[in-house]
Amino acid sequence: MNKEVKKIFVVLALYALSGGIFYNFQELWMAENNLSTQTIGIVYSLCALLSVSTIFLCSNLISKEKLKKFSCVLLLLKFIILLALFFLNNTGLNVIIKFLIMLDYVIDVEIWACIYPMITLITKNDKIYALKDLIYSFAYYGGIIFTSFLLGTTILKLNINFNFYNLIGGMLMLIAYLVLRSTKLENYYSKKENSKVNSLSTVLKIIKKDNVTQNYLMYHLTSAISYACINGMMITLLTANLNFSASAASYFKMILGIVAVFIGTLILEKLTLKNDYINFSIKFIGRLLFYILAFICNNKIVFLIAIVFMRLLSESYSHVSEAPYVNRFSNDNQLAFCNLREMIGYFSKAIGNLLCGIAITMGTRYNFLFAAIFLIPAILYLFNALRLRLKEKGKMDL
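Residues numbered from 1 in each chain as written. Predicted model: local features only at pLDDT ≥ 70, side-chain atom pairs only at ≥ 80, totals over all residues. Heavy atoms only, no water.

Trainee: Can you tell me about the overall build of the protein, naming the residues and giving the values?
Mentor: Looking only at helices and strands, the protein has 17 helices and 2 strands in total. Compactness check: the protein gives a C-alpha radius of gyration of 21 Å against a globular reference of 21 Å for 398 residues, within 12% of the reference. When the backbone C-alpha atoms are referred to their principal axes, the protein occupies close to 65 × 60 × 35 Å. Out of the 398 residues in the protein, the part that is buried amounts to 53%. Counting contacts in the protein only where the partners sit at least 6 residues apart, residues at least 24 apart contribute 84% of the total. For the protein, the exposed area adds up to about 18100 Å²; of that, 66% sits on carbon and sulfur atoms. Taking the average place of the 37 positive charges on the side chains of the protein and the average place of its 20 negative ones, the gap between the two points comes to 2 Å. (Helix = DSSP H or I, 4+ residues; strand = E, 2+ residues; numbered from the N terminus. Rg over C-alpha atoms; globule rule 2.2 N^0.38 Å. Buried < 20%, exposed > 50% of the residue type's maximum accessible area, 1.4 Å probe, protein only. Contact = heavy atoms within 4.5 Å. Areas by Shrake-Rupley, 256 points an atom, 1.4 Å probe, with all protein chains shown as cover. Lys, Arg positive; Asp, Glu negative; His and termini not counted. Charge placed at Lys NZ, Arg CZ, Asp CG, Glu CD.)

This is the structure in structure tokens:
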């Protein structure tokens, strides 16, 4: 693997580790600073809205030649914000705290959107795309494990509490900034091309004529809604309706996530079949069948089996269901397209989270019903995107 790609993966791992450490207990840290549950919910809602607008703005301002500098600035800003939150703890300056949390969230989203476009300056393939997701998840869950085991302990007379995680997360972002600065992405800019920004409007014009991408984005929209109908408020669903304690629900979700990363790695390296229709069927049609069974049976054991199946394959097959469609776009258009994809993803999560909360009050079986309703069109769109892509390449449907 290219040396510069490895450095970007190190940056990604540090960024994800920082996120797992800081975000795992962020809600409790906010509560310790006398922010009510309602206020925390409003802050997170504003975070999502600001993220969409920021993504749109960055897509229209940042060219590929500016990606590294832009990402370095974002990492440095995130370090400063986390350090500021560490010192603002229990000061009562909650207006500043809320503003910084929203700013941090927006920056975090944009850092993630920039990672793969930076990699594509050097290399672009489906396996690298999937590896990016697996590295992020592995490091993120590593951060969660770190926080869970160290909370309440004392190291060198220093008490490990929620606020201390701000400091650790900030230090990791500073290291990530230094690593990214050391990369030599400038060597991969084409000297024959002028620096230019390809805005979302440019990408939308391309998509307007591209049926493959249209079907992929509709799949991305509906599948994300379906996933959030169950996973959007997983801890609440487990504790309120399935008799889990808060700690048991947290560990259950964490363990499933970690195992999912290992399964995803195994499938990426060894168990991907040549027929993508079968690959898609294993993950999505299998998921749909469990959803329907859970709704019909209305049984807690079946609910848990369906959740386990969904979570265990959640990190798998992105190299065949996502990467080929993202990689259709040139390096010039990568950032704009990745940002568009993130905007659709956050919009989908908002809808899915809303439906998830409604379904929990109605009964858990309705979480699976809503999830199944949106998963059906997602499967149809994904299969159609694959059919069109194979036809475009001159291949017969398998």
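Trainee: With reference to specific residues and values, describe a nonpolar patch on the surface.
Mentor: A cluster of nonpolar residues, Ile42, Leu46, Leu49 and Leu50, forms a patch on the protein surface that exposes about 350 Å² of accessible area. Mapped onto the fold, Leu46 is located in helix H3 (residues 37-59). (Patch = residues over 30% accessible without salt bridge, like charges linked within 9 Å, V, L, I, M, F, W, Y side chains within 5 Å. Salt bridge = Lys/Arg side-chain N within 4 Å of Asp/Glu carboxyl O.)

Trainee: Can you explain the packing of helix H16 (residues 331-362) against helix H17 (residues 364-392)? Please cite residues and give values.
Mentor: Relative orientation of the contacting elements H16 and H17 amounts to 140°, with a least axis distance of 6 Å. Together, Leu355, Cys356, Ala359, Ile360 and Met362 of H16 and Thr364, Tyr366, Asn367, Phe370 and Phe374 of H17 make up the contact between the two elements. Classifying every residue of the contact of H16 with H17 by side-chain character gives 8 nonpolar, 2 polar and no charged. (Axes fitted to C-alpha atoms, helices over the stretch in contact; angles between N-to-C directions. Nonpolar A, V, L, I, M, F, W, Y, C, P; charged D, E, K, R; others polar.)

Trainee: Lay out the packing of aromatic side chains with the relevant residues and their values.
Mentor: Here the structure, examined in full by the defined rule, presents 19 aromatic pairs. Look at Tyr277 and Phe383: their rings are 5.5 Å apart centre to centre, the planes differ by 40°, and that puts the pair in the tilted class. Residue Tyr277 is found in helix H12 (residues 276-297), and its partner Phe383 is found in helix H17; the two are separated by 106 residues along the sequence. Among the aromatic residues, those joined into a cluster by ring pairs are Tyr15, Trp112, Tyr136, Tyr140 and Tyr141. Over the aromatic face of Phe295 sits the side chain of Arg365, whose NZ or CZ is 4.5 Å from the ring centroid. Of note, Arg365 hangs over the ring of Tyr366, and the distance from its end group to the ring centre comes to 5.9 Å. (Phe/Tyr/Trp six-rings, centres within 6.5 Å; stacked < 30°, edge-to-face > 60°. Lys NZ or Arg CZ within 6 Å of the ring centre and 35° of its normal.)

Trainee: Hey, could you go over helix H4 (residues 67-88) for me, with residue numbers and the actual values?
Mentor: The first and last C-alpha atoms of H4 sit 31 Å apart over 22 residues, in line with the 32 Å expected at 1.5 Å per residue. One or two residues past the end of H4 sits Asn90, with phi positive at roughly 60°. (Expected span 1.5 Å × (residues − 1).)

Trainee: An account of the pattern of salt bridges is needed here, citing residue identities and associated values.
Mentor: Evaluation of the coordinates by the stated rule reveals 10 salt bridges. Residues Glu342 and Arg341 are paired through a salt bridge, measuring 3.8 Å at the closest nitrogen-oxygen approach. You'll find Glu342 and Arg341 in the same group, each marked buried. A single network of salt bridges, built from pairs that share partners, joins Lys78, Asp104 and Asp108.

Trainee: With reference to specific residues and values, describe the nonpolar core.
Mentor: Ranked by size, the top nonpolar core spans 121 residues in total, and within it Leu85 and Ile307 carry the most contacts. Sequence-distant contacts of Leu85, that is, excluding residues within four places in its chain, are made with Phe22, Trp29, Ile97, Leu100, Ile101, Asn163 and Asn166. Met254, Ile258, Val261 and Leu268 belong to the second largest nonpolar core, which has 8 residues in total. (Core = buried A, V, L, I, M, F, W, Y, C linked by side-chain atoms within 4.5 Å.)

Trainee: Describe the packing of H4 against helix H7 (residues 162-182), with residues and values.
Mentor: Where H4 contacts H7, the axes come no closer than 8 Å and their chain directions differ by 160°. The pairing of H4 with H7 is recorded here as roughly antiparallel in orientation. Seen along the crossing, H4 lies across H7 with a hand that is left-handed. Across the contact of H4 with H7, the residue classes break down as 16 nonpolar, 5 polar and 3 charged. (Parallel < 35°, antiparallel > 145°, perpendicular 65-115°, else oblique. Left-handed = near helix turned anticlockwise from the far one by under 90°.)

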